[in-house]
Amino acid sequence: MATRPAQITGRDLVLATVRDAGPISRTDLIRRTGMARETVNGLLTKLLAAEALVESDPVAAGHQGRPARLLSLGPAAGYVVGAILDSAGGGPGIAAARVAVAGLTGEIEVERSRALAGAAPGEILDEFAALITECVPAGRRVWLTVIGLPAPVAGGVVHTSSVLPGWAGFAAGSELRRRLGHGVAVLNDANLSLLGEVTHGVARGRRDVCYLRIASGIGCGLLLDGEVHRGATGVAGEIGHVQVDETGALCRCGNRGCLETIAAPRELLGALSNSYGSAVSAERALELADRDAIAQRVLADAGRMIGRVVADLANTINPALVVLDGPLITEDGPIVAGVRESLLRYAQPAVAEHTEIHAGTLAGRAALLGAIAAALSRLPSSAPPLPSSAPSLPSSAPSLPSSAPPLPSSAPSLPSSAPSLSSSAPPLPSSAPSLPSSAPSLPTDAGGKSEMSGRESGSSGASEAAHGGSSEATRFNSGDKLEMSGREDEASGAGGAAQGGPSEATRFKLGDKSEMYGREDEASGTGEAVQGGPSEAARGDGVGEVSGGGRPGGAAHGGLSGAVPGGGSGEAGRGDLAGEAVRRGGREEHAQRSVSPRQRERGARRVRITELLRMHGAMARSDVVRLTKLPRAAVVELLDEMSREGVVEPCDLPPEQGRSGRPSPGFRLVTPKELLAGAAISAYGIRVVIADGAGAVLHQAAHPIPMTLTGEAPVRLAAELIAGLLTENGHAVGDLREVGLSVPAPVDPHTGSFGTRGILPMFSGFAPAEVITEVLGVPCRVENNADLAALAEVRRGAAVGARDVLYLRADQFTGAGIVAGGRMYRGALGYAGEVGHLNVREVGPLCVCGSRGCLSTFLSPASFGAVLDAAPFIRESEDPEERLLKLAAHGHRPAQRALLDAGRLIGRSVAPLTNMLNPAVVVVGGRYGVAGPYVEEGIRESLMRHCTQAVTAELTVVRSGLTLDAEVLGAIESLLP
């Protein structure tokens, strides 16, 4: 018998099952829901009478027996509503309300648009409410309305916006809910447009997409590895306020020279109107561009300017596809052509070659279709969990914990004198052909963190008295620390969601190690609060098999597939390790693409339990329930499953944890007996570390070597150093389970290899994991050094507790590592974070990548020559970088100022990336930081100057907590659950 998802009423479970399965017989319905036959028949009687379901005439079954009557959704099953505030949809300067009403299969039945007469937020919502009420058939249930606004939104509250300046701080979600009497979710319109293109348009099936909406302003939606990225405070994607000219025109945001002041349609149409002596509409501008050189040049120049920013994003976020949309955008038009031209000029060759630029294909309906898709994705789902015997599904990245313990005190730290080192919503309904199963994971709500009052056990059936209609499923405990806390039963029509911005629990606080447990379920992204809508908890725990946090010694470890079973004991278990290493280096990307949002959610829940046990050690099961805020039944099931797999084990609790009453069973993580090895290769040498199965450092060594013309030599040497370190300390190579390798170049996430056109010629065209495996005979995981440094800082460094982090390596080998929504992000080709090759000056020094004026060229020791040449008491033979750092550390003011200016330059260069990602924390690492706070202060100063206020309001800039050890420790962390 199937397990009934927790926290969903029997009535809604029946509807969700019919919706997910399509026409279904009563027998199959009883089997799928796991409820008693009498209960199901009682519910069906009421649903059929209410026309929420309809039953067909008998249909011959494919097996012997009586013909079956098939159940399907009826006209009264209900609707979802998508609504968009089009800030210029009613004509020049006139906003419009656009509304679509769809059935639960996703088919749109009504779509209308109306110019808005009101100006104040409340007046506009009154008009929206009237239009929605007019579009929905009288007396029919509306499960959820999703409304998109052209402004940053978090927790149902609108943030400061140049497009909607009067809406700042307005609780649009609860206000519209109060008017409509049913659930409402408020999202940014660019994110909804992105979702529309991914589910219906040109980006269908893609996982790494940057969507630009060029209309009243310039907004951006980001899809990072299949997840819609909103940032730490919900304001990610502020591309329109990337500063492109420090002395340019004053923007509505208060800054100067923002991209919007140069390339927004209102500016372009205004310029054309002045040139032609009469008002020029968007349609006329496109006609003129086909035959007139002036119009074509104006639009092409705007495209080149947008493309200049897009090229920087391609270098640092590395999407596979950039979608441009708006009234002036056509596939073969001058703006798209200009963007392509700039991409080829400023992006890395491999990035430019593999980044597609296309116009949107949904004729202005992308946001509306995205709103319908978002609403459908939030409906209760009926899918039961996969059996625990199902094969584990790999993740493309190790999940990053919100908090993790520091290294055990017994673990020796790496010496400071050692050489430093260089640089996941349930699927849309299967019955809706227009909404593909490959839809990205959507920003969601709690995902099952609040207990529904009146819930019965899964297999015993559900009594109608316990639910009293579908609205009962929306109740939450008053103590839940969710953005939608405070919401009451929608049937009562009372109350609204607690507003005032993001939950305190979502804010990063240095030293706060339990902050994650008040956040929304990270399984499918952080999302807007649903004001009174169907509980995300209604999705239950049936989210598929784990994609992370698996068996420490086996296949599911760290979300990786194909690990040697049992840690690789015995030759038969090793198999083709060279091929294994490549597959692990590539994260089994093809399998990851098939992981459903439910499976990601289940994997995320396992990760949360795993990291909680990592942080606190042995814990009572009741404490796991309390701190994770997951349903008790889900925790019981997951702990049992993890115990069977050898991830956790039952244990006796320490006496001080005892409490009166029946004791709750205790659990702790199983520490594998095998050893782990980490190695970091850089221009300064090779650092290797041996750690136990829990990641505690046991032994370490460093070997300085010059950079050679071939990258295989240092990789092979790293493997030999690991073998030597094991032997020196009484271990055998057979004691090793796996190796993590940090390299100073992008690694292809599909193959685990260096690209054929790599940034560094010595690191191109081969798979480093194969070399490691050839020498040591164990699997190897290869990652970029900055990515691993970011991972280490999140797990045991300065960013513990943060889910959105930007790590900056500040030295001559500058780079960045990105943690987005708790996951290490590499980009479509592995090039994400290549900030060292952002173009700073068109005719600057020649870079090793072949371009001119890259950021790294201004951070090389040669760029500090004037300061070093004038410095007293410095040996000429001393390394220039060492001289600079020594001078700054000993109070030499010119050297300190030079580092401060270097920080300002780094901050100015990464400000667009910071605007786009909206991180909670920027961690400053690298060698230049060891001399003092100068680089950190310069980066902080530039970010505060050049990023939008919404992004910097809660941004923390900190120095690395792991300094020069971050990369090699990140290599170890990449092997842990």
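Residues numbered from 1 in each chain as written. Predicted model: local features only at pLDDT ≥ 70, side-chain atom pairs only at ≥ 80, totals over all residues. Heavy atoms only, no water.

Some points on the overall build of the chain
- Within the chain, the regular secondary structure consists of 29 helices and 29 strands.
- Only carbon and sulfur atoms are counted for the fraction: they give 52% of the accessible area of the chain, which is about 33300 Å². (Helix = DSSP H or I, 4+ residues; strand = E, 2+ residues; numbered from the N terminus. Areas by Shrake-Rupley, 256 points an atom, 1.4 Å probe, with all protein chains shown as cover.)

Let's talk about the pairing of strand β24 (residues 780-784)
- A large share of β24 lies buried, amounting to five of its five residues.
- Burial along β24 is two-sided: Cys780, Val782 and Asn784 facing one way and Arg781 and Glu783 facing the other are all buried.
- Sheet topology places strand β23 (residues 736-743) next to β24; five bridges connect them, and they run parallel. Looking at β24, one finds that Ser742 is bridged to Glu783. (Buried < 20%, exposed > 50% of the residue type's maximum accessible area, 1.4 Å probe, protein only. Pairing = 2+ DSSP bridges.)

Observations regarding the sheet that holds strand β1 (residues 24-25)
- The three strands lie next to each other as β1-β3-β2, forming an open sheet whose pairing is antiparallel. A strand with exactly one partner marks an edge of an open sheet, and here the two such strands are β1 and β2 (53-55).
- Lying over the sheet, helix α3 (residues 37-49) contacts β2 and β3 (70-73), oriented at roughly 100° with respect to β2. (Contact = heavy atoms within 4.5 Å. Axes fitted to C-alpha atoms, helices over the stretch in contact; angles between N-to-C directions.)

Considerations on unusual backbone geometry
- Of note in the backbone geometry, Asp225 takes a positive phi value of approximately 55° without being a glycine.
- A positive phi angle, near 50°, is found at Asn918, a position not held by glycine.
- Since its relative accessible area comes to 1%, Asn918 is described here as buried.

Considering the confidence of the model for the chain
- Here the chain shows a mean pLDDT of 77. Residues at 70 or above account for 73%.
- Predicted confidence for residues 383-438 stays below pLDDT 50, and this span has 212 contacts to residues more than four positions away or in other chains.
- Counted against residues more than four places away or in other chains, residues 441-593, with its pLDDT under 50, gives 525 contacts. (pLDDT = per-residue confidence, 0-100.)

Details of the sheet that holds strand β18 (residues 648-651)
- Reading across the sheet, the three strands line up as β17-β19-β18 and stay open at both edges, with antiparallel pairing between neighbours. The two strands at the open ends of the sheet, each matched to only one other strand, are β17 (619-620) and β18.
- Note: β18 against strand β19 (residues 666-669), four bridges, orientation antiparallel. Along β19, the bridge assignment pairs Pro650 with Phe667.

Comments concerning the pattern of salt bridges
- A full pass over the atoms with the stated rule returns 44 salt bridges.
- The shortest N-O distance in the salt bridge between Glu783 and Arg826 comes to 2.8 Å. Here the residue Glu783 occupies a position in strand β24, and Arg826 occupies one in the loop between β27 (823-825) and α24 (865-870), the gap between them amounting to 43 residues. Summarising the burial analysis for this pair, Glu783 and Arg826 share the class buried.
- Residues joined in a network through salt bridges with shared partners are Arg602, Arg606, Glu637, Glu641 and Glu645. (Salt bridge = Lys/Arg side-chain N within 4 Å of Asp/Glu carboxyl O.)

Points about helix α23 (residues 785-796)
- Helix length check: α23 (12 residues) gives 16 Å between terminal C-alpha atoms against 16 Å at 1.5 Å per residue, within 8%.
- Listed as buried for α23 are Asn785, Ala786, Asp787, Leu788, Ala789, Ala790, Leu791, Ala792, Glu793, Val794, Arg795 and Arg796.
- Its side-chain oxygen placed 3.0 Å from the backbone nitrogen of Ala786, Asn784 serves as the N-cap of α23. (Expected span 1.5 Å × (residues − 1). Polar contact = N/O pair within 3.5 Å; in protein donor to acceptor, adjacent residues only side chain to side chain.)

Things to note about the nonpolar core
- The biggest cluster of nonpolar side chains holds 94 residues, and the ones touching the most others in it are Leu212 and Ile239.
- Counting only domains with at least three residues in this core, you end up with domain 3 (204-361) and domain 5 (798-960).
- Residues in contact with Ile239, not counting those within four places in the same chain, are Leu212, Ile218, Gly219, Cys220, Leu259, Val309, Leu313 and Met916. (Core = buried A, V, L, I, M, F, W, Y, C linked by side-chain atoms within 4.5 Å. Domains from an automatic or database assignment.)

Observations concerning the side chain of Ser742
- Topologically, Ser742 is positioned in strand β23.
- The class for Ser742 is buried, based on a relative accessible area of 0%.
- If we ignore the near neighbours within four places in the chain, the residues touching Ser742 are Ala679, Ala680, Ile681, Glu783, Asn785, Leu788 and Glu967.

What to know about α3
- Here α3 spans 18 Å end to end across 13 residues, near enough to the 18 Å set by a 1.5 Å rise per residue.
- Of the positions making up α3, those classed as buried are Thr39, Val40, Leu43, Leu44 and Leu47. Looking straight down α3, one finds that the buried residues subtend no more than 130° of arc, so they occupy a single side. Counted as exposed and oriented over 90 degrees from the buried face of α3: Glu38, Thr45 and Ala49. (Arc of directions from axis to C-beta.)

Digging into the pairing of strand β25 (residues 805-809)
- Counted residue by residue, β25 has five buried out of five residues, so it is predominantly covered.
- Of the two faces of β25, both are covered, the one formed by Val805, Tyr807 and Arg809 as well as the one formed by Leu806 and Leu808.
- In this structure, β25 lies alongside strand β26 (residues 815-820), joined through five bridges in antiparallel fashion. For Arg809, the partnering residue across the bridge sits in β26 and is Gly815.
- Where β25 folds back on β26, the antiparallel hairpin that results is connected by five residues.
- Note: β25 against strand β28 (residues 921-925), five bridges, orientation parallel. Pairing of Arg809 across the sheet is with Gly925, part of β28.

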